[in-house]
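Spelled out from the first residue to the last, the chains are:
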Amino acid sequence: MEMAARQIVAFGGGGFSMESGNPLLDDYVLGLTGAERPRVCFLPSASGDADHYIVRFYRAFSAHRCEPTHISLFRREQGPSDLRRHLLSQDLIYVGGGSVVSLLGVWRAHGIDSILREAWESGVVLCGLSAGSLCWFAEAVSGFHGEPKRLRGLGLLPFSNCVHYERGSGRGEAYHRFLREGMCGGYAAEDGAALHFRGEELSRVVASRPQARGYRLDAAGSQVVEMRIATTYLGDRDAPPQAPLPEALSTAPAA
Amino acid sequence: MAVERGAATATPVRRILALGGHEFSSRPADRAVCELLLRLAGERGGERPRICILPTASGDTTEQIASFYSAFGERPCEPSDVSLFRLGRRPMALRDHLLSQDLIYVGGGSMVNLLAVWEAHDVASILSLAWRQGVVLAGQSAGAMCWFEAGITKSSGKPLAAAGLGLLHGSLCVHYNNEPERRAAYLDAVGDGMPSGYGLDDYAGLLWEGEGTPSALTARRGARAYRVSSRAGEVAESPLPARFLPAPAPAALREDIAEFRRIKTMRKRAGWLG
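Residues numbered from 1 in each chain as written. Chains lettered and ligands numbered in written order. Predicted model: local features only at pLDDT ≥ 70, side-chain atom pairs only at ≥ 80, totals over all residues. Heavy atoms only, no water.

### Some remarks on the pairing of strand 8 (residues 168-173) of chain B
All names here are of chain B.
Item 1. Of all 6 residues making up strand 8, 5 are buried, and the element is well covered by its neighbours.
Item 2. With 3 bridges connecting them, strand 6 (residues 148-153) and strand 8 associate as parallel partners. Counted as the bridge partner of Ala150 is Ser171 from strand 8.
Item 3. Relative to strand 9 (residues 197-200), strand 8 is paired through 3 bridges, and the arrangement is parallel. For Leu172, the partnering residue across the bridge sits in strand 9 and is Tyr198.
Item 4. Handedness of the β-α-β unit built from strand 8, helix 8 (residues 180-191) and strand 9 comes out right-handed. (Buried < 20%, exposed > 50% of the residue type's maximum accessible area, 1.4 Å probe, protein only. Helix = DSSP H or I, 4+ residues; strand = E, 2+ residues; numbered from the N terminus. Pairing = 2+ DSSP bridges. Right-handed = clockwise from strand over helix to strand, strands pointing away.)

This is how it looks when you write it as structure tokens:
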């Protein structure tokens, strides 16, 4: 039996939540489904199912190009009663940003964690930004509240992850420190950059902004090696062919 | 010496107010509930007690937070909110903030999510400590059941049993006669071995002050608290005698009346009215 293509697209930041008027990342994940009118389910759990966020999702994923739904775990009396059946019938599951700690707590309470693994294994494309990116990895650098913290995610991808990896955000320094302290190696993405995994392998990095990049980070003894990854800007139709990965090495000395 | 020291640092009274259901509106029964919350907070905090809402069970909805501030914003107290979903935008020292309150009020919503998010943020242990230090714990609906060993929640759609923090022994079912299917599920659950407990109609409450049995309160005629227990397979339900909480005159209305009287007097003086 052929195994379904397992795909995860982890945005460092971007999509309709952060880039109003720039649909490049959202169009990209819709395109991955291969469906003419993909079934897309939004999980706004990390925001506490904020109404304004749900409204923005429906505006961005309008019914003329997909079949949008959402699941509000704070209002289970509305929406689909069989969460598993609903999630497994999707082409794309899109996880919003917010508090990754709250997200994982609420998901576990409703058994969403194991359903998402099942969905991934059956070929449903999983994506999300910020908390919705961190959640897929074994370990994550969360900068949501105060000092950056190290925490465990669902572990579908056996790496660590850091989002909003902009210079001067303080996350880079924390990520390097965690790696030296034994965090597993992994990937970081700037706002506008998205890490596209097929199976457990990074397939490519795409971006909605020309300068946005993804990074590979590993600890080598007491040093941290950070490599910038060649990134395809989705807005440029005449983009040169992609360089093989990883490329454009810039090895940063340990901080 | 040890005896004296012990006497000087008396153990604070542990207080919990569980409410079957209410809103923060200007309706008389809702004003009566707010008055009770203010009084309980004031007994610990004096003239300007600190009252903090945890709107976690709602997903920290703006609606719940705004209605809380509209009820307490102009009262003699220091209201605040801890929105666990928004700590990113509003960092705060969670533990210090909660432990410095006189009353912590937990809003309604999903009991399952409430406990899951508290667990994830380690809030449960802080609340337990706050309670032991004498901070009044209060709440309605999910925010009332969370203090017990178990409750009946509709967090997954239909009414089902869910575990609470267990600060109080036994179980609680809220919206008791207001949601018949919830009451039915509770009676079945107690018959099937859920620890005995209480049923609370909307606008009925139970107040624990220290050890022993709680006192029942009601802010609306006909709203009752029930003791629900199982003996030899039979579930018995008996209403508890409750003290009525009268509604204070609404502050806004008092101002309106005053303004109306001022205008009336001016008009009389000016000879506009007969």
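### Quick notes on the state of the cysteines
Item 1. One pass over the structure, following the stated rule, counts 0 disulfides over all chains.
Item 2. As a non-bridged cysteine, Cys135 of chain A has Cys127 of chain A as the owner of its nearest cysteine sulfur, 9.9 Å distant.
Item 3. Considering cysteine sulfurs only, Cys146 of chain B is the nearest to Cys173 of chain B, which forms no disulfide, with 14 Å between them.
Item 4. Look at Cys173 of chain B and you get buried, because its relative accessible area is 0%. (Disulfide = S-S within 2.5 Å.)

### Observations concerning the pairing of strand 8 (residues 157-162) of chain A
On any regular strand, side chains alternate: one points to one face of the sheet, the next to the other face.
All names here are of chain A.
Item 1. Of all 6 residues making up strand 8, 5 are buried, and the element is well covered by its neighbours.
Item 2. Where strand 6 (residues 137-142) and strand 8 come together, 4 bridges link them in parallel fashion. Following the sheet pairing, Phe137 is matched in strand 8 by Leu157.
Item 3. Here 3 bridges tie strand 8 to strand 9 (residues 186-189), and the two strands are oriented parallel to one another. Considered in strand 9, the bridge of Asn161 is made with Tyr187.
Item 4. At this point the chain moves from strand 8, through helix 7 (residues 171-180), to the parallel strand 9, and the crossover so formed is right-handed.

### Let's talk about the environment of Leu245 of chain B
Residues and elements named next belong to chain B.
Item 1. In this fold, Leu245 is placed in the loop between strand 14 (242-244) and helix 9 (251-270).
Item 2. Judged by its relative accessible area of 9%, Leu245 is buried.
Item 3. Linking Leu245 and Ala219, residues 26 residues apart in sequence, is a C-alpha distance of 4.9 Å.

### Focus: the packing of aromatic side chains
Pairs of aromatic rings are described using the distance from one ring centre to the other and the angle between the two planes.
Item 1. Throughout the structure, instances matching the rule amount to 30 aromatic pairs over all chains.
Item 2. On the basis of an interplanar angle of 15° and a centroid distance of 4.7 Å, the ring pair of Phe42 of chain A and Phe57 of chain A is categorised as stacked. Note that Phe42 of chain A is positioned in strand 2 (residues 39-43) and Phe57 of chain A in helix 2 (residues 51-60), a separation of 15 residues in sequence.
Item 3. You can call Phe57 of chain A buried: its relative accessible area is 0%.
Item 4. Members of the aromatic cluster, joined through ring pairs, are Phe11, Phe16, Phe42, Tyr53, Phe57, Tyr58, Phe61 and Tyr94 of chain A.
Item 5. The ring of Phe244 of chain B is capped by Arg221 of chain B, whose NZ or CZ atom sits 3.6 Å from the centre of that ring.
Item 6. Over the ring of Tyr198 of chain B we find Arg227 of chain B, and its NZ or CZ is 4.7 Å from the ring centre. (Phe/Tyr/Trp six-rings, centres within 6.5 Å; stacked < 30°, edge-to-face > 60°. Lys NZ or Arg CZ within 6 Å of the ring centre and 35° of its normal.)

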